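Below are the chains, spelled out letter by letter.
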Amino acid sequence: MIKLKNIKAAYGMRFRWFPFFILMIMLFTGLRLANLTADSSPDISISAAPFTDEALKAYSARNQYYFGKVKWSKRDGYQSWHKKSVLPYKLYSWWFELFGPSYGSIRILNVMFSVLTLVLLFFLIKRYYDTFQAFVALAIGGFSSFLIMFNRLGFYENLLNFFILLMFYAFCALYEYRGRMKQAVNDPSLNSVKQMGGMFIAVVIGCFATVAGLFTKQSISLVIISIIPFLTLYFFYSHQKLNSFIRYKFYVTILAIIAGYLVLGHFGFFDRFFKEILSVKVFDISLGYFLPLKRTSANFDSIYLSFIKSLFLEFVFIQPVIFFTGIYHALYSYYRFLYKNDLRILDTAFATWFLFGFLFLAIMRYHPARYYMLLSMPLVILSSRFFTSKENFSFNDLLEGVSGIFSFRRVIVLLFQFYFYFYCTVFILVAFVPFKARKAIYNYFYYNIIEGSWNRLFPIIGLVLVFIVFSVFGIWFVVKNIRKTVTFTQLKKILFIMMIAIQMFNYGKWYVKGEFKVVEYSRVLGKVLEPDSIMAGCWAPALGQETTLRTLVIQENMRYNVEFTESLATGKVNRLVPYRNSLLNSPQNSARPVYLTVSLNAPFDRKIVNHFKKYIVPERLLTVIQLGLFDVSIYRLDEIVDEKRRKILNDEFKN
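Residues numbered from 1 in each chain as written. Predicted model: local features only at pLDDT ≥ 70, side-chain atom pairs only at ≥ 80, totals over all residues. Heavy atoms only, no water.

Trainee: Which residues make up the overall build of the protein chain, and what values do they have?
Mentor: Looking only at helices and strands, the protein chain features 28 helices and seven strands. By sequence separation, contacts in the protein chain at least 24 residues apart represent 76% of the contacts at least 6 residues apart. For the protein chain, the accessible area works out to roughly 30700 Å², and carbon and sulfur atoms hold 67% of it. (Helix = DSSP H or I, 4+ residues; strand = E, 2+ residues; numbered from the N terminus. Contact = heavy atoms within 4.5 Å. Areas by Shrake-Rupley, 256 points an atom, 1.4 Å probe, with all protein chains shown as cover.)

And the structure:
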């Protein structure tokens, strides 16, 4: 039977590790709290999510704070998250009652959970590997600029990461106590009652973490699904009669997954059938609630789109050393098991969680950068295993005994090498090309694509391709010579120093150039606009978070609040829920100023722009705000903008 070994603290660090651990936790907490209300680095996501989704997640709790209800009008059709994500809604509502619904209070709460996740990560690695590896994992996770940026933001994934890791820790402990229970039969020194007590506590904690995760966000099922290949492997391995040809059984499992994706991602007629499956209810809860699919099989991209999108993933180029060392060790774990018959349970479990979770997200049509946070913990652990493992492994080992050009192992190695060289180039582009230049290129591409002027894009595309080709060749030449001159152990040390340097460079660049636009613009709007104004649009909750304004969500799908916004703009006011503070209330039948927030250079706002085009005219423009790649315009819908009000607002923004 395979056991999870609890190795005692390595390198003589039995009890001297605790002060160092506290110092590191304080450091990583400080990195996350510094510039707490500043905008995140525009590099962490090409989407608008870092600017909009915090307020969207807090929408119901904010309304609860100001109005005592999750909606300030019965006509508000936005479903929000108070039903699907009950736990964070309740937690935010309680937290806002204590500290108010500001960005600062939202982010402090998320930083707290993120730091607790790092603490849990440390003790998990310390218990099932050793103390030295726990510190390495803590350093990698603590210094990761990807994690630092997202840990500051009010995303449910920060809570979810904690519950997922707690769940994993509990089930590891359950497996450990289960093994000791079996040993207790032949070993009187092991107290079976104590082991049973440990199993009971592990089950309780694991069930709590699982339920808490499900009521935080249903994307927890991504982790559950991604671990299925490992469970398949372990089942075959643990049953001796099924152990023969395990490699081929595993390949059959992979082929089954690929076949399912090809069917769901490329044949639209399965869409209706899949909808019916997701609508089936168990105990009055539909299956779609538990699956990491928004609605139907239409959420899968085709192969070529998945490949194109995989060329620009922030999760990779922000932390290239962490990513590729983690992938390296994950592939090694599988190679060691499938070809050397050596199963390291935890290594292979983390490798499965990361590899299959990453592949699953890559084929989804909608997979914003924050979703990849759910893969950060196994990635950090795998990367730490790369740096601390004393075993040397070369990708050439993967090709031992391989015949033919199209072998599975050869394809894996070639894909790894391709993405390694390509993403090194992408990192150089993103790290050293000024953001203003990248935004100008984005706007140039966007407006020419909208106009259908593809011929104007070819010169820029050609220059970028030339740069990529020369960069890839240069990186390949450097890597080839490094491999000739340094040992594998020396290479690990070089890579570790590079990793810390890159992460601190990313963080330092953001810290020095950091801006506070979302918070400052929101506060100015709250100061200049009428206190009982209504602001609608995708950007409205974000710009209204630091104000008492009534915000209304309109999104790309245009399924809700479009007609309601128009009726408000024409003075057809329904009875609205009054503020809990009576001083903020205006008469129920009075007209309220109505504003629309929309980005003219955002693909997801095109439908909104087209629908409200009669209002999107210079006379109604209040101001334009730049948030990351997007230029957000605020238009008044109920009347022409007062020039004096416009000047006051723009002067406040300049100051």
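Alright, that's what it looks like, and here's the rest.
Trainee: So, a nonpolar patch on the surface: which residues are in play, and what are the values?
Mentor: Among the surface-exposed residues, F18, F20, I22, L23 and M26 lie close enough to one another that they form a single nonpolar patch of about 500 Å² accessible area. For M26, the location among the structural elements is in helix α1 (residues 17-33). (Patch = residues over 30% accessible without salt bridge, like charges linked within 9 Å, V, L, I, M, F, W, Y side chains within 5 Å. Salt bridge = Lys/Arg side-chain N within 4 Å of Asp/Glu carboxyl O.)

Trainee: Please give an account of the pairing of strand β7 (residues 630-636) that cites residues and values.
Mentor: Here β7 lies mainly inside the structure; six of its seven residues are buried. Taken together, the five bridges between strand β5 (residues 594-599) and β7 define a ladder with antiparallel strand orientation. Looking across to β7, one finds that T597 is bridged to I634. Examined bridge by bridge, strand β6 (residues 621-627) and β7 share six bridges and lie antiparallel to one another. From the neighbouring strand, Q626 faces β7, where its bridge partner is D631. (Buried < 20%, exposed > 50% of the residue type's maximum accessible area, 1.4 Å probe, protein only. Pairing = 2+ DSSP bridges.)

Trainee: Kindly report on the packing of helix α5 (residues 103-128) against helix α6 (residues 131-143), identifying the contributing residues and their values.
Mentor: Closest axis-to-axis distance for the α5/α6 pair is 8 Å, and the angle between their directions is 155°. On the basis of their axis angle, the class for α5 and α6 is roughly antiparallel. In terms of crossing hand, the pair formed by α5 and α6 is right-handed. Along the contact surface, α5 presents L118, L121, F122, I125 and K126, while α6 presents T131, Q133, A134, F135, A137, L138, G141 and G142. A breakdown of the residues in the contact of α5 with α6 according to their chemical character gives eight nonpolar, four polar and one charged. (Axes fitted to C-alpha atoms, helices over the stretch in contact; angles between N-to-C directions. Parallel < 35°, antiparallel > 145°, perpendicular 65-115°, else oblique. Left-handed = near helix turned anticlockwise from the far one by under 90°. Nonpolar A, V, L, I, M, F, W, Y, C, P; charged D, E, K, R; others polar.)

Trainee: Go over the pattern of salt bridges with me, naming the residues and quoting the values.
Mentor: With the rule as written, the count across this model stands at 27 salt bridges. Here K439 and D631 are joined by a salt bridge, their closest N and O atoms 3.2 Å apart. With K439 in helix α21 (residues 435-451) and D631 in strand β7, this residue pair connects regions lying 192 residues apart in the sequence. Judged by its relative accessible area of 8%, K439 is buried. Here D651 makes a salt bridge to K647, at a shortest N to O gap of 3.0 Å. Taken together, the residues span about one helical turn, with D651 and K647 both in helix α28 (residues 643-654) at a distance of four residues. Here D651 falls in the partly exposed class, since its relative accessible area comes to 30%. Note on K647: relative accessible area 52%, which makes it exposed. Shared partners join several salt bridges into a network, and the residues in it are R336, D342, R344, D347, R385 and E391.

Trainee: With reference to specific residues and values, describe the pairing of β5.
Mentor: The side chains of a regular strand alternate, first on one face of the sheet and then on the other. Among the six residues of β5, six are classified as buried, and the element is accordingly described as predominantly covered. The alternating pattern of β5 places V594, L596 and V598 and Y595, T597 and S599 on opposite faces, both of which are buried. Strand direction decides the pairing type here: strand β3 (residues 534-536) and β5, joined by three bridges, are parallel. From the neighbouring strand, A536 faces β5, where its bridge partner is L596.

Trainee: Kindly report on unusual backbone geometry, identifying the contributing residues and their values.
Mentor: Notably, S80 is not glycine yet its phi reads approximately 60°, a positive angle. Along the chain, S80 falls in the loop between α3 (59-67) and α4 (86-99). Although it is not a glycine, M558 sits at a positive phi angle of roughly 60°. By the element assignment, M558 lies in the loop between β4 (550-552) and α26 (562-569).

Trainee: Any details on helix α9 (residues 192-214)? Residues and values, ideally.
Mentor: Here α9 contains 23 residues, and its C-alpha end-to-end distance of 33 Å stays within 8% of the 33 Å for a straight helix at 1.5 Å per residue. What α9 keeps buried is the set Q195, G198, A202, G206, A209, T210, A212, G213 and L214. (Expected span 1.5 Å × (residues − 1).)

Trainee: Outline the environment of K509, listing residues and values.
Mentor: Along the polypeptide, K509 turns up in helix α23 (residues 488-513). Look at K509 and you get partly exposed, because its relative accessible area is 22%. Spatially, the C-alpha atoms of K509 and A431 are 9.0 Å apart, while their sequence positions differ by 78 residues. Non-local contacts of K509, meaning those with residues more than four positions away in its chain, are made with D43, V430 and A431.

None of this, on its own, says anything about what the molecule does.
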